[in-house]
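If you want the building blocks of each chain, they are given just below.
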Amino acid sequence: MRKLRFFFLAITAVLATLQEVRSHGDQPLSNIAVHKAVFALHDHAYVKASPTILGLKGQYSEWVTLDFSSPNPSVDDWIGVFSPANFSASTCPPETPSTSAPFLCSAPIKYQYANYTSPRYKDTGKGFLKLQLINQRSDFSFALFSGGLSNPKLVAVSNKIAFKNPKAPVYPRLAQGKLWNEMTVTWTSGYDITEATPFVEWGSKGEELVRSPAGTLNFDRNSLCGAPARTVGWRDPGFIHTAFLKELWPNTVYTYKVGHRLSNGSSILSQEYQFRASPYPGQNSVQRVVIFGDMGKDEADGSNEYNNFQRGSLNTTKQLIQDLKNIDIVFHIGDICYANGYISQWDQFTAQVEPIASAVPYMIASGNHERDWPGTGSFYGTTDSGGECGVLAQTMFYVPAENRAKFWYSTDYGMFRFCIADTEHDWREGTEQYKFIENCLASVDRQKQPWLIFLAHRVLGYSSASFYVAEGSFEEPMGRESLQKLWQKYKVDIAVYGHVHNYERTCPIYQNICINKEKHYYKGSLNGTIHVVAGGGGASLATFAPVQTKWSIVKDYDYGFVKLTAFDRSNLLFEYKKSRDGKVYDSFRISRDYRDILACAVDSCPSTTLAS
């Protein structure tokens, strides 16, 4: 205890010069006033954690039990989970020479109140807690604080616990490659390339397995743009590996393991996973696509909860896992995990979606909570990324963009062509992104790929969200002004957005006018584009303005996601499902022939032709 007391006394001197870390409001960890933490270890307080070794059977997550006691209990006492277990100031250098490292070094990776499962804690001073930990490349310790989140006082620190192999390769996530017959596998580990060589061992069932090499990326504080990502939110992200599995046969099932070959010749391998290769572009078969935005992460053990934020996240994840056999590809269109500069949360998120992302391509788009930071080239000058400025998103997940710092890309999946925009960079006419969008829409062969889908994070189309209506725009300001003529000219079927945390569907629309009065069964040409807001993946819901527009067909203030099913080149089913039960609450069908796409609609064909 004397050594521990000396350890914490030695680092309290830095408190006087600390500056407050900006709270982002919607990140639970930002509520902890790390800068105000003080040393208050008590000889009669304790925290005991068990078991001490996790993952003995190779599992990547495990529940731990905490027994704790305080001689002066209070209703606002809380337990923080720290990793690495040593959170001294010596491990957390200041951001600039003029600032000092915080007392706690970093925010915890999660926390929970001491009385969460011990309602008599305030009277007895004793409690217990069960928390779920995931393998995050380091050991863990648990700290008991009094004073609430706003004035934390360190009362006791637990013993250290760790996974059997903290460096193990974990949380594989698939993504479409730049070619239709290429699948990428990205995963996280604690192995630097100087100590182990990353690879994927894979092959179709019944055939000899091959090993494909993987590239490795990592980054440090200096790669990020500001606090809290560079200060109390920093946590070593480990090493991110990506392998390219090439020359796949369409619709063939492949098995794979991610792994590392150590310098002694032995190998560390993950459990076995499998995926089905993508269909050939234009292939006429049933293809099922799930789309949503703004899911975030949540904790199965109930920790980190406040303001009911992201309460739908686990429900959305659960429904997708339950229906995974009926899903071929997923698009998560921005606001991925709301880490907002607390780097540990990216591990938490990749662990949450691993059952999905390890089995089907998990494609993402860039959102404001991944990219935006002043002076870094983002279209918006907000601090929504918490200093990440896109580094985490473009490293943790692969997308087939020409330049992942510019997060726009296209991808083909059978009869679908998806054009994914990056709303955190300028999309207006004359920009680099505008040229990309037009080329993506113009270059698809609609006879083979009739279903043309536009995806973006912010609403570049239509939304009745309160904040958009208050601006008088019903959209992201300047959102559709440049793009609507492209959607109309190239006959985009459906445009889907996130950012607004609810569900809304429009009629087939062009320039604020419904071109088609049908609501549930469209035969022949749509003559306009159906715009959908699907931002109810899990983050706290957004209200609608009390206005009724002619173009808004369905509104829903709830959590949910969109599913598209292409039965063939002539029939598409759109479904909106709620996360709470997976049932369909809105749907429509499109039925048409190729000649319907060729037909002219308003502003979709030249005003004069050779015949005229």
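Draft legend 1. Fine view of the side chain of aspartate 422. With respect to the secondary-structure elements, aspartate 422 resides in the loop between strand E23 (416-420) and helix H7 (432-442). No salt bridge is formed by the buried aspartate 422. Its closest oppositely charged neighbour is arginine 371, at 6.0 Å. Polar side-chain contacts of aspartate 422 include one of 3.0 Å to the backbone nitrogen of glutamate 424. A distance of 2.7 Å separates polar atoms of two side chains, one belonging to aspartate 422 and the other to histidine 425.

Draft legend 2. Region of interest: the sheet that holds strand E9 (residues 153-157). Strand order in this open sheet of five strands is E1-E9-E8-E5-E6, and the pairing throughout is mixed. Edge strands, defined here as strands with exactly one partner in the open sheet, are strand E1 (38-39) and strand E6 (110-113). When E1 meets E9, the two strands line up parallel, connected through two bridges. The residue bridging phenylalanine 39 from the neighbouring strand is leucine 154, located in E9.

Draft legend 3. Geometry of the nonpolar core. Counting residues in each nonpolar core, the largest one holds 70 residues, and the members touching the most others are Phe331, Tyr362 and Leu564. Setting aside its immediate chain neighbours within four residues, tyrosine 362 contacts Leu174, Ala175, Phe292, Met295, Val330, His332, Phe349, Val353, Ile356, Ala357 and Phe397. With 28 residues, the next largest nonpolar core counts Trp408, Phe436, Tyr468 and Ala495 among its residues.

Draft legend 4. Summary view of unusual backbone geometry. Residue serine 50 is joined to proline 51 through a cis peptide bond whose omega torsion reads -5°. Examined against the element boundaries, proline 51 turns out to sit in the loop between strand E2 (46-50) and strand E3 (53-54). Here serine 83 and proline 84 are connected by a cis peptide whose omega angle stands at 0°. Tracing the chain through its elements places proline 84 in the loop between strand E5 (78-82) and E6. Phi is positive for tyrosine 171, close to 55°, though the residue is something other than glycine. You can see tyrosine 171 is positioned in strand E11 (residues 170-176). Judged by relative accessible area, which is 2%, tyrosine 171 ranks as buried.

Draft legend 5. Expanded view of the confidence of the model for the protein. Per-residue pLDDT for the protein has a mean of 91; in total, 91% of the residues score no lower than 70. Contacts from residues 1-25, a stretch scored under 50 in pLDDT, to residues over four places away or in other chains number 51 contacts. Per-residue pLDDT stays below 50 along residues 96-102; that stretch engages in 18 contacts with residues further than four places along the chain or on separate chains.

Draft legend 6. Structural context of helix H4 (residues 344-357). Here H4 spans 19 Å end to end across 14 residues, near enough to the 20 Å set by a 1.5 Å rise per residue. At alanine 351, H4 shows its maximal bend, which comes to roughly 35°, and the proline proline 355 appears one to four places after that position. Counting buried residues along H4, 13 of its 14 residues qualify, which places the element largely inside the surrounding structure.

Draft legend 7. Region of interest: the pairing of strand E19 (residues 287-292). Of all six residues making up E19, six are buried, and the element is well covered by its neighbours. Residues of E19 alternate between two faces, with Gln287, Val289 and Ile291 on one and Arg288, Val290 and Phe292 on the opposite face, all of them buried. As paired elements, E19 and strand E31 (residues 560-566) share five bridges and run antiparallel to each other. Looking at the pairing, arginine 288 lines up with threonine 565 of E31.

Draft legend 8. Up close: the sheet that holds strand E7 (residues 126-134). Across the sheet, which stays open at both edges, the three strands sit in the order E2-E4-E7 with antiparallel pairing between neighbours. Looking at strand neighbours, the two that pair on one side only are E2 and E7, the edges of this open sheet. When the angles between neighbouring strand axes are averaged without regard to direction, this sheet yields 25°. Bridge count for E2 against strand E4 (residues 61-69) is five bridges, and the pairing is antiparallel. Within E4, the position partnered with serine 50 by the bridge is threonine 65.

Draft legend 9. Just the pattern of salt bridges, in detail. All chains considered together, the criterion is met by 27 salt bridges. One salt bridge connects aspartate 412 with arginine 417, and the closest N-O pair in it is separated by 2.4 Å. The partner of glutamate 475 in a salt bridge is arginine 480, and the shortest N-O contact between them spans 3.6 Å. Assigned by exposure class, glutamate 475 and arginine 480 land together as buried. Because the salt bridges share partners, they merge into one network encompassing Lys110, Lys297, Glu299 and Asp301.

How each quantity is defined
Residues numbered from 1 in each chain as written. Predicted model: local features only at pLDDT ≥ 70, side-chain atom pairs only at ≥ 80, totals over all residues. Heavy atoms only, no water. Helix = DSSP H or I, 4+ residues; strand = E, 2+ residues; numbered from the N terminus. Buried < 20%, exposed > 50% of the residue type's maximum accessible area, 1.4 Å probe, protein only. Lys, Arg positive; Asp, Glu negative; His and termini not counted. Salt bridge = Lys/Arg side-chain N within 4 Å of Asp/Glu carboxyl O. Polar contact = N/O pair within 3.5 Å; in protein donor to acceptor, adjacent residues only side chain to side chain. Pairing = 2+ DSSP bridges. Core = buried A, V, L, I, M, F, W, Y, C linked by side-chain atoms within 4.5 Å. Contact = heavy atoms within 4.5 Å. pLDDT = per-residue confidence, 0-100. Expected span 1.5 Å × (residues − 1). Bend = angle between axes of the 7 residues up to and from the residue. Axes fitted to C-alpha atoms, helices over the stretch in contact; angles between N-to-C directions.

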